[in-house]
Amino acid sequence: MLLCLLSTLSVAATLLISPILPMIIAAFPDDPQAATKVILALSVPALVVAVTAPFAGRIVETTGRKTVLILSLVLYLVCGLAPFFLNDLNHIIATRVGVGLAESGFMTASTTLIGDYFKGARRQHWLVVQTSTASVAAVVMMAVGGALGEFGWRYPFVVYALPLLFIPLVLVLIREPKAEAHEVGGKFPWWKVIPLYVLGLFVAILFFVVPIQTPFVLTARGMGSAQLIGLTSAAGGIAVPIGGLIFQKLSRLNLFQVLAIAFALIMMGLLLFVGNGSYGVTCAGIVIASLGCGMTLPAVLTSIMAKLDFEQRGRGTGGWQTAFFLGNFASPVIVLGLTAKLQGLENALLMLSVVSAGALALSVIAAILSAAIKPKVRVYVMPPQ
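Residues numbered from 1 in each chain as written. Predicted model: local features only at pLDDT ≥ 70, side-chain atom pairs only at ≥ 80, totals over all residues. Heavy atoms only, no water.

1. Overview of the overall build of the chain
Formally: Segments assigned H or I by DSSP are reported as helices when at least four residues long, segments assigned E as strands when at least two residues long, and all are numbered from the N terminus. Atoms counted for the radius of gyration: C-alpha only. Globule rule: 2.2 Å times the number of residues to the power 0.38. Accessibility here uses a 1.4 Å probe with only protein chains present; expressed as a share of the type maximum, an area under 20% marks a residue as buried, one over 50% as exposed, and anything in between as partly exposed. The contact criterion used is simple: two residues touch if any of their non-hydrogen atoms lie within 4.5 Å. Surface accessibility in these figures is a Shrake-Rupley result with a 1.4 Å probe; residues are shielded only by whichever protein chains are displayed. When charges are tallied, Lys and Arg are placed among the positive residues and Asp and Glu among the negative ones, while His and the ends of the chain are skipped. In this description, the location of a charge corresponds to atom NZ of lysine, CZ of arginine, CG of aspartate or CD of glutamate.
Summing up its helical and strand segments, the chain has 15 helices and 0 strands in all. At 22 Å, the chain has a C-alpha radius of gyration in line with the 21 Å of a compact globule built from 385 residues. Here the C-alpha coordinates of the chain stretch approximately 90 × 50 × 30 Å along the principal axes. Counting every position in the chain, which comprises 385 residues, the buried fraction comes to 52%. The long-range fraction of contacts in the chain, counting pairs at least 24 apart against all pairs at least 6 apart in sequence, stands at 83%. Summing over all exposed atoms, the chain offers an accessible surface of approximately 17,600 Å²; the carbon and sulfur share of this is 72%. Where the 23 positive side-chain charges of the chain centre and where its 13 negative ones centre are 13 Å apart.

The following block contains the structure:
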């Protein structure tokens, strides 16, 4: 559970300060590029994780899971708290790069440890708990950031002191795992996991569409009160872990069958998200799409973990973190581009529902083919000596 709770720090890296962005911009009236720099400060941790996670995975394998975990938490503590004391946006951006490096380390190490400690259904269970914890934390962090922002833009950064609680617990509770005999050695199975990384990037892009675009859609429809946006976002955030629980109940199905159900929900959810403009239909779309998104992440991550041995798990997890955070970074950029190209956010969302329909069709075809192809068993009889 401690390893799962560490994912709250990853969520805090971005969502904690999103409610106070206008306050930070207003606090630096003498900087003509304040708006650009503040947006960069918000988004740079995700980009840093996407770039550095594979290297973090290799370091996890060579240095040790627990060592990387502790050092990353210390770096997160120092860099996360620093903006509370700083008065220059350039320096704040530099500390946010440090937050991204720390996030890359502890997320890769903690996810790798979950893969080390558990197998099969138990591993699947805890990976679902990890993603679900992050989804619930997203709702909590936005509320906490907004509440602390009432005292001033610096105060939300106090939450970055959470490693003071986590570091002693990691020292006491986390043990460095050892490889089992059958898990040692072997080349990294790139040809098996790269397609899953590409799939992970795709589902991550879809995953962030609804939570990022919800405020814009509601505001455009005259429902832009902060309280209503917060409650609606919370409904979507709660639906994500429920989707993870649905995935667990469908564990007897293969990856493509699960993805077919998930993409069907995402497609339907995005259509309702655009809907007829009413709040009820919009909210229903948010919840349904979030259920589908909640199924996709643990499904892909579990499939990646199943293909990795002990000595490969750090690199494999680093690759997953790169795919996921690159999707985090790319999602709003893609929606912005589609909005400009198709002349409206609703048209962009409809296009993404069409893309989800295409992913549904491909998943159904892959599920049918995987069920139809049976392994051929060839019996070799040794000739008598």
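2. Comments concerning the side chain of threonine 52
For clarity, the threshold we go by: The definition of a polar contact used here is a pair of N or O atoms within 3.5 Å, where within protein one atom must be able to donate a hydrogen and the other to accept one, and adjacent residues in sequence count solely through side-chain atom pairs.
As for its placement among the helices and strands, threonine 52 is situated in helix 4 (residues 34-63). Reaching out from threonine 52, the side chain makes a polar contact with the backbone oxygen of valine 48 at a distance of 2.7 Å.

3. Details of helix 10 (residues 209-220)
The condition that has to hold: One less than the residue count of a helix, multiplied by 1.5 Å, gives the span that helix is expected to have. Along the arc lie the directions from the helix axis toward the C-beta atoms.
Here helix 10 spans 16 Å end to end across 12 residues, near enough to the 16 Å set by a 1.5 Å rise per residue. Within helix 10, the full set of buried residues consists of Val209, Val210, Gln213, Thr214, Val217 and Leu218. Buried residues of helix 10, seen end-on, are gathered within an arc of 140 degrees and therefore sit on one face of the element.

4. What about the pattern of salt bridges?
What counts is decided by this rule: One speaks of a salt bridge when a side-chain nitrogen belonging to Lys or Arg is within 4 Å of a carboxyl oxygen belonging to Asp or Glu.
Applying the stated criterion across every chain, the model contains 6 salt bridges. Residues aspartate 31 and lysine 37 are paired through a salt bridge, measuring 3.0 Å at the closest nitrogen-oxygen approach. Like aspartate 31, the residue lysine 37 is buried in the burial classification. One salt-bridge network, in which partners are shared between bridges, spans Arg58, Glu61 and Arg315.

5. Structural notes on the packing of aromatic side chains
Let me state the cut-off plainly: Aromatic rings from Phe, Tyr and Trp, taking only the six-membered ring of Trp, are treated as a pair when their centres fall within 6.5 Å; an angle between ring planes under 30 degrees marks them as stacked, one over 60 as edge-to-face, and anything in between as tilted.
Summed over all chains, the structure comprises 16 aromatic pairs. Geometrically, the ring pair formed by phenylalanine 324 and phenylalanine 325 is edge-to-face, given 5.2 Å between the ring centres and 90 degrees between the ring planes. Owing to a relative accessible area of 4%, phenylalanine 325 belongs among the buried residues under this scheme. Here the aromatic cluster, defined as three or more aromatic residues joined through ring pairs, consists of Phe28, Tyr76, Phe106, Trp153, Phe157 and Tyr160.

6. With respect to a nonpolar patch on the surface
Stated precisely, the cut-off is as follows: Patches here: salt-bridge-free residues with over 30% relative accessible area, like charges joined within 9 Å, nonpolar side chains (Val, Leu, Ile, Met, Phe, Trp, Tyr) joined within 5 Å.
Together, Leu165, Leu169, Leu171, Val172 and Leu173 give the surface a local cluster of nonpolar side chains, amounting to about 500 Å² of exposed area. By secondary structure assignment, the location of leucine 169 is in helix 8 (residues 163-173). Judged by relative accessible area, leucine 169 falls into the partly exposed class, the value being 34%.

7. Examining the confidence of the model for the chain
Here is the rule: The predictor rates its confidence in each residue with pLDDT, a number between 0 and 100.
Averaged over all residues, the pLDDT of the chain equals 86, while 94% of them reach at least 70. Counted against residues more than four places away or in other chains, residues 377-382, with its pLDDT under 50, gives 0 contacts.

8. Some words on the environment of phenylalanine 216
Here phenylalanine 216 shows up in helix 10. Phenylalanine 216 sits in the exposed class, given a relative accessible area of 51%. Along the chain, phenylalanine 216 and leucine 345 lie 129 residues apart, while their C-alpha atoms are 8.6 Å from each other.

9. Here's the deal with the nonpolar core
Put simply, the rule is: Buried Ala, Val, Leu, Ile, Met, Phe, Trp, Tyr and Cys residues that are joined via side-chain atoms within 4.5 Å together make up what is termed a nonpolar core.
Judged by nonpolar contacts, the single largest core of 99 residues is most densely connected at Ile24, Leu69, Leu73, Tyr76, Phe263 and Trp320. Each residue touching tyrosine 76, except ones within four places of it in the same chain, is listed here: Leu9, Ala12, Ala13, Leu81, Val99, Ala102, Phe106, Tyr160 and Pro163.

10. Description of unusual backbone geometry
The phi torsion at glutamine 343 lies on the positive side, around 60 degrees, for a residue other than glycine. The topology assignment puts glutamine 343 in the loop between helix 14 (313-342) and helix 15 (345-372).

11. Overview of helix 15
The end-to-end C-alpha separation of helix 15 is 41 Å, in line with the 40 Å expected for 28 residues at 1.5 Å each. Within the span of helix 15, buried status applies to Leu345, Ala348, Leu349, Leu352, Ser353, Ser356, Ala359, Leu360, Ser363, Ala366 and Ala367. Contact partners of the buried residues in helix 15: helix 9 (190-207), helix 10, helix 12 (255-274) and helix 14.

12. Brief notes about the side chain of serine 363
In this structure, serine 363 sits in helix 15. Beyond its immediate stretch of four places on either side in the chain, serine 363 contacts Phe256, Leu259, Ala260 and Phe263.

13. Regarding the packing of helix 5 (residues 65-81) against helix 8
Threshold: To define axes, lines are fitted to C-alpha atoms, for helices over the stretch in contact only, and angles between the resulting N-to-C directions are given on a 0 to 180 degree scale. Angles are sorted into four bins: roughly parallel if under 35 degrees, roughly antiparallel if over 145, roughly perpendicular if 65 to 115, and oblique for all others. In this scheme, a crossing is called left-handed if the near helix is turned counterclockwise away from the far one by less than a right angle; it is called right-handed if the turn is clockwise. Side-chain classes follow a simple rule in which Ala, Val, Leu, Ile, Met, Phe, Trp, Tyr, Cys and Pro form the nonpolar group, Asp, Glu, Lys and Arg form the charged group, and the remainder, Gly included, forms the polar group.
Running from N to C, helix 5 and helix 8 cross one another at 165 degrees; their axes reach a closest spacing of 10 Å. Viewed along their axes, helix 5 and helix 8 adopt a mutual orientation that is roughly antiparallel. In this structure, helix 5 meets helix 8 at a crossing whose hand is left-handed. Facing helix 5, whose interface residues are Lys66, Leu69, Ile70, Leu73, Val74, Tyr76 and Leu77, helix 8 presents Pro163, Leu164, Phe166, Ile167, Val170 and Leu171. Among the residues making up the contact of helix 5 with helix 8, the classes are represented as 12 nonpolar, no polar and 1 charged.

14. Points about the environment of valine 300
Its place among the elements puts valine 300 in helix 13 (residues 279-306). The spatial distance from the C-alpha of valine 300 to the C-alpha of leucine 259 is 8.9 Å, given a sequence separation of 41 residues. Excluding its chain neighbours within four sequence positions, the residues that come into contact with valine 300 are Leu196, Leu199, Gly200, Val203, Leu255 and Trp320.

15. Structural notes on the environment of glycine 98
By the secondary structure assignment, glycine 98 is in helix 6 (residues 89-117). For glycine 98, a relative accessible area of 8% corresponds to the buried category. Here the alpha-carbon distance between glycine 98 and leucine 47, two residues 51 residues apart in the chain, equals 12 Å. Glycine 98 has contacts with Leu75 and Cys79, leaving out every residue within four places of it along the chain.

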